[in-house]
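A look at the structure
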Amino acid sequence: MTQSVELPDFIRVVDSHTGGEPTRVIIENGPDLGSGPLAERRDRFRDAFDHFRQGVILEPRGSDVLVGALPVLPHDASCSLGVIFFNNAGYLGMCGHGMIGFLITLLHLGRIKVGEHLIETPVGIVRTVLHNEHRATVFNVPSFRSRERVAVDVAGVGTVTGDIAWGGNWFFLVRDSKERVTLKNLARLQWLTDQIQNALDEQGIMAPNGGRIDHVEIFGPGDAVNADSQNFVRCPGGAYDRSPCGTGTSAKLACLAADGTLAPGQVWRQASIIGSIFEARYQWAGEQIIPEITGEAYVIGDNELRFSSQDPFKYGIQS
């Protein structure tokens, strides 16, 4: 573990959930990452302050499902704020549910107002609209499908076919799954997506930039009503997304747009495994799309995380 400075005695955080998926926003005593492009500051966070991520996100103070958000000054002067998202496995380029939770939290704290805001992330500027104290829309980074109908040999399953798409993170979106996307089938879905992730890694199936495809998304029949689709999303680190996943829904829209099965501006209602829903649309931007994701978030806690020098789990429980 690399670190340049010790953790402070306490870190103030505000927790929210977006469609059931939690976001923890750092409000006080976060690491000073200096200035410069957000991608560089994300790397500085990883290289010098990863102990901070571990202490905030890992048990006993956090959990595998938790996503952290560190507000930073933007590099681009047109933006209201910048944000770096992180989780139990590392750092995220973008996070759709996290962005909605981030906005609702800042409104709750009186740091921003209802209306439009440009938010800078390590993968680009995201236009957002804060509608009220619970509802927000995210116009995500340009999204696209990279490869269609990629066959993967999955141990214990056989050949699985999916699309590779970018929605702010890289996804393998499984086509034509017959698995029921319900909580009663959770153990099977977790096992299956673990196997698919292992197969992608072992067979060297990568993103176009040579990066790891670290999200697996399955669509199938479920219990949701008034939804066009229900999904199960395996996130980096093995946790599953309780929300419909903003970047995953963006990747799905990119595939639907490429297939010509969803028209620009047409509403797509994406349900998560627990039945929470994002309303989604897109518009073409050249050969890519701009996804529009609308969802709701609720502030659920305001807390000080304490860090004692004598605590053997000061930096979280390492797996």
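Up top is the structure.
The shown structure was predicted, so the numbers you read here are calculated from the model rather than taken from an experiment.

**What to know about helix 2 (residues 50-57)**
Helix 2 sits mainly inside the fold: eight of its eight residues count as buried. Taken residue by residue, helix 2 has D50, H51, F52, R53, Q54, G55, V56 and I57 as its buried positions.

**A look at the side chain of T182**
Within the secondary structure layout, T182 lies in the loop between strand 11 (170-174) and helix 4 (186-202). For T182, a relative accessible area of 7% translates into the label buried. Among all residues touching T182, those that are not within four sequence positions of it are L189, G222, D223 and I273.

**Some thoughts on the pairing of strand 6 (residues 115-121)**
In terms of strand pairing, strand 4 (residues 81-86) meets strand 6 through two bridges, oriented parallel. Bridging from a neighbouring strand, G82 pairs with E120 of strand 6. Taking the residues that link successive antiparallel strands as the turn, the strand 6-strand 7 (residues 124-130) hairpin has two residues.

**Concerning the packing of aromatic side chains**
Any two aromatic rings considered together are summarised by their centre-to-centre distance and by the angle between their planes. Scanning the model with the defined rule gives eight aromatic pairs in all. Between F144 and W170, the aromatic rings sit 5.7 Å apart at their centres with planes inclined by 85 degrees, giving edge-to-face as the arrangement. On the criterion of sequence distance, the pair formed by F144 in strand 9 (residues 144-154) and W170 in strand 11 is long-range, its members being 26 residues apart. The class of F144 is partly exposed, set by a relative accessible area of 24%. When its relative accessible area of 8% is taken as the criterion, W170 is described as buried. Residues Y282 and W284 carry aromatic rings whose centres are separated by 5.9 Å and whose planes lie at 90 degrees to one another, so their mutual orientation is edge-to-face. One aromatic cluster is present, formed by F45, F52, F86 and Y91 through successive ring pairs. Over the ring of F139 we find R127; its NZ or CZ atom is 3.8 Å from the centre of that ring. Here the basic side chain of R242 rests over the ring of Y240, its NZ or CZ set 3.8 Å away from the ring centre.

**What about the pattern of salt bridges?**
A side chain with one charge may pair with a side chain of the opposite charge, provided their charged atoms come close. Within this structure, the stated rule accounts for 25 salt bridges. Its salt-bridge partner being R145, residue E148 comes within 3.5 Å of it at the nearest N-O pair. For E148, a relative accessible area of 41% gives the class partly exposed. One salt bridge connects R212 with D201, and the closest N-O pair in it is separated by 2.9 Å.

About the thresholds
- Residues numbered from 1 in each chain as written.
- Predicted model: local features only at pLDDT ≥ 70, side-chain atom pairs only at ≥ 80, totals over all residues.
- Heavy atoms only, no water.
- Buried < 20%, exposed > 50% of the residue type's maximum accessible area, 1.4 Å probe, protein only.
- Helix = DSSP H or I, 4+ residues; strand = E, 2+ residues; numbered from the N terminus.
- Contact = heavy atoms within 4.5 Å.
- Pairing = 2+ DSSP bridges.
- Phe/Tyr/Trp six-rings, centres within 6.5 Å; stacked < 30°, edge-to-face > 60°.
- Lys NZ or Arg CZ within 6 Å of the ring centre and 35° of its normal.
- Salt bridge = Lys/Arg side-chain N within 4 Å of Asp/Glu carboxyl O.

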